[in-house]
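Survey of secondary and tertiary structure
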Amino acid sequence: MHVDRNYYLAGDIIWYKLYVVDASLHQPLDISKVAYVEVIDENNTAVMQSKISLQNGKGNGSFSIPISIQSANYKIRAYTNWMKNSGPDYFFEKQITIVNTQKNRDLAVPPLPTKVKPDVRFFPEGGNLVYGITSKIACKVVGAGGKGLSFDGVIIDENNDSIDRFQSLQFGMGSFSFTPLLNHTYKAIVTVGEHTFTNALPQIYAQGYIMQLHTADKTHLTVTVQTNITDPGNLFLLVHTRQSLKTVLQSEMEKGKASFDIDPAKLGDGISQFTIFNNKGKPVCERLYFTYPAKPLSIQVTGNLPIYTTRLRIDLSIEPVGQPKTDMSVAVYKLDGLQTPDESNIQTFLWLSSDLKGQVESPGFYFGNNREETIPAIDNLMLTQGWRRFKWDDILQDTTPALSFPPEFNGHIITGKVVSSVTGKLLANIETYVSVPGLNSNFKTFISDSTGKLKFDFKTMKGSSEIIVQ
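Computed from a predicted structure; not experimentally measured.

Scanning the protein from N- to C-terminus turns up three helices and 31 strands. In terms of its C-alpha atoms, the protein occupies a principal-axis envelope of roughly 75 × 70 × 55 Å. Expressed as a percentage of its 470 residues, the buried residues of the protein come to 40%. Considering only contacts within the protein whose residues lie at least 6 apart along the sequence, 59% involve residues at least 24 apart. Accessible area of the protein: about 27500 Å², with a carbon and sulfur share of 50%. Averaging the locations of the 45 positively and 45 negatively charged side chains of the protein gives two centres separated by 5 Å.

Attention now goes to the pairing of strand β28 (residues 431–436). Burial of the side chains of β28 is restricted to one face: Thr 432, Val 434 and Val 436 are buried, whereas none of Glu 431, Tyr 433 and Ser 435 on the reverse face is. Examined bridge by bridge, β28 and strand β29 (residues 442–447) share six bridges and lie antiparallel to one another. By the bridge assignment for β29, Thr 432 is matched with Phe 446. Adjacent in sequence and paired antiparallel, β28 and β29 are bridged by five residues, among which Gly 438 carries a positive phi angle near 120°. Of the pairings in the sheet, the one linking β28 to strand β31 (residues 468–469) comprises two bridges and is antiparallel in character. Bridge assignment links Ser 435 to a residue of β31, and that residue is Ile 468.

A full pass over the atoms with the stated rule returns 17 aromatic pairs. Between Phe 290 and Phe 367, the aromatic rings sit 6.0 Å apart at their centres with planes inclined by 85°, giving edge-to-face as the arrangement. With Phe 290 in strand β24 (residues 283–291) and Phe 367 in the loop between α1 (346–351) and α2 (371–385), this pair connects stretches of sequence that are 77 residues apart. A residue is classified by how much of its surface remains accessible, and Phe 290, at 6% relative accessible area, is buried. By relative accessible area, which is 24% here, Phe 367 ends up partly exposed. Taken together, the aromatic side chains of Phe 122, Phe 151, Phe 166 and Phe 176 make up a single cluster linked through ring pairs. We note Arg 371 situated over the ring of Tyr 292; from NZ or CZ to the ring centre the distance is 3.7 Å.

Membership of the largest hydrophobic core comes to 23 residues, with the highest contact counts inside it found for Met 1, Leu 18, Val 37 and Ile 76. Of all the elements in the fold, those that place two or more residues in this core are β3 (13–19), β4 (34–40), β5 (46–53), β7 (72–79) and β8 (92–99). Tallying contributions element by element places β7 first for this core, with four residues. With residues up to four places along the chain from it excluded, the contact list for Val 37 reads Met 1, Tyr 16, Leu 18, Met 48, Gln 49, Ser 50, Ile 52, Phe 63, Ile 76, Arg 77 and Ala 78.

Quick look at unusual backbone geometry now. Residues other than glycine seldom take positive phi values, yet Asn 160 does so here, at roughly 65°. Owing to a relative accessible area of 54%, Asn 160 belongs among the exposed residues under this scheme. Here Arg 242, not a glycine, exhibits a phi torsion of approximately 50°, which is positive. With respect to the helices and strands, the residue Arg 242 is situated in the loop between β20 (235–241) and β21 (244–251). With relative accessibility at 8%, the residue Arg 242 sits in the buried group.

Scoring rules and cut-offs
- Residues numbered from 1 in each chain as written.
- Predicted model: local features only at pLDDT ≥ 70, side-chain atom pairs only at ≥ 80, totals over all residues.
- Heavy atoms only, no water.
- Helix = DSSP H or I, 4+ residues; strand = E, 2+ residues; numbered from the N terminus.
- Buried < 20%, exposed > 50% of the residue type's maximum accessible area, 1.4 Å probe, protein only.
- Contact = heavy atoms within 4.5 Å.
- Areas by Shrake-Rupley, 256 points an atom, 1.4 Å probe, with all protein chains shown as cover.
- Lys, Arg positive; Asp, Glu negative; His and termini not counted.
- Charge placed at Lys NZ, Arg CZ, Asp CG, Glu CD.
- Pairing = 2+ DSSP bridges.
- Phe/Tyr/Trp six-rings, centres within 6.5 Å; stacked < 30°, edge-to-face > 60°.
- Lys NZ or Arg CZ within 6 Å of the ring centre and 35° of its normal.
- Core = buried A, V, L, I, M, F, W, Y, C linked by side-chain atoms within 4.5 Å.

Written as structure tokens, this is what we have:
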């Protein structure tokens, strides 16, 4: 979703354009004809809503911001009915700021305590910690405002002896290696600024599998798996990029250890998922890996003159570099102390943010030119905000996941139910009619199903219409 600005005043217009693409190939997807756009306040209440007509995976619209709105930070999000099957983690979301100069923001906020405990979480690479096996653990510390906090940490045992030290790298994320020993207990002491917090480590298992991914250079990836399970048999590695299968490898366990060599050239651009299966076909370890796009989108903008005077007409030429056909949208606004350049764009969203759970802080940072700085940071991001694309239990049991929200192939889907006015019970096999009068008239019939539910599919229903149900 391309929004024209990040900062608005009450009475302004929010202009936007929607791009609906296939999640695997990032190509325009013409499966839905209706998109839903909402502006949500800090209490997750929609203050503005709209339905947008889609054609060939594209649509556009606007919101006229009411003059009664409160000054606050809002989220604008967009989705289709079909996307609701995967939950709101797949929805497009973006933060915008709206200021009403005629209203004062309610400042009656209770004072914060002097010591607010941040959210501290630990993420073992591959999934779990196992006694006696070295693991890589990522740590993420988030403050009350949702931003990452810089920290220093130490792992201590039951005797308060220091075992390992660690610290943040970027955006409140860092990682370290740790070997838990049997008959010992551990906890982490994390220091944020002047405050110190004690946190428990994830559960440590007596038996299990540990997975580690190593990147020696740009041409070689190695996945190492260790276990203390007796006679584990062969292991299998499945790698896919956004559900597009890239490779499946098999390796024998020798002295509790197995390794897999992967050619990075076989991976797709963006986030790939590495899953280890044991000899019984059960997933035992999993982690994400990021591959920088080989051919990122490049757009060249040139003007007709090298220097411009006040109120002189400016002609711009906007062309994609190396792309035969590109659909674009352009926003023009003044940069000042309130309106700043956007940290996210279509590339950071499609390659990175859309495949991770939660909001990615400063996604543009990971696409900077300093790879020595961005590669370790993006690996910490994969370890902390990585999440499962597949529900492996459904796949292994060959079950079809329930899809409660059908795609709106033709347009609006109007649902309802038939209820007896006497008994209040749902009625099956009742013939019903829906009529939309006017210039864009429409008429549909439907017989209620066994549960009394109705569904009318309207192909050409746009604008404001009266609906008659009988």
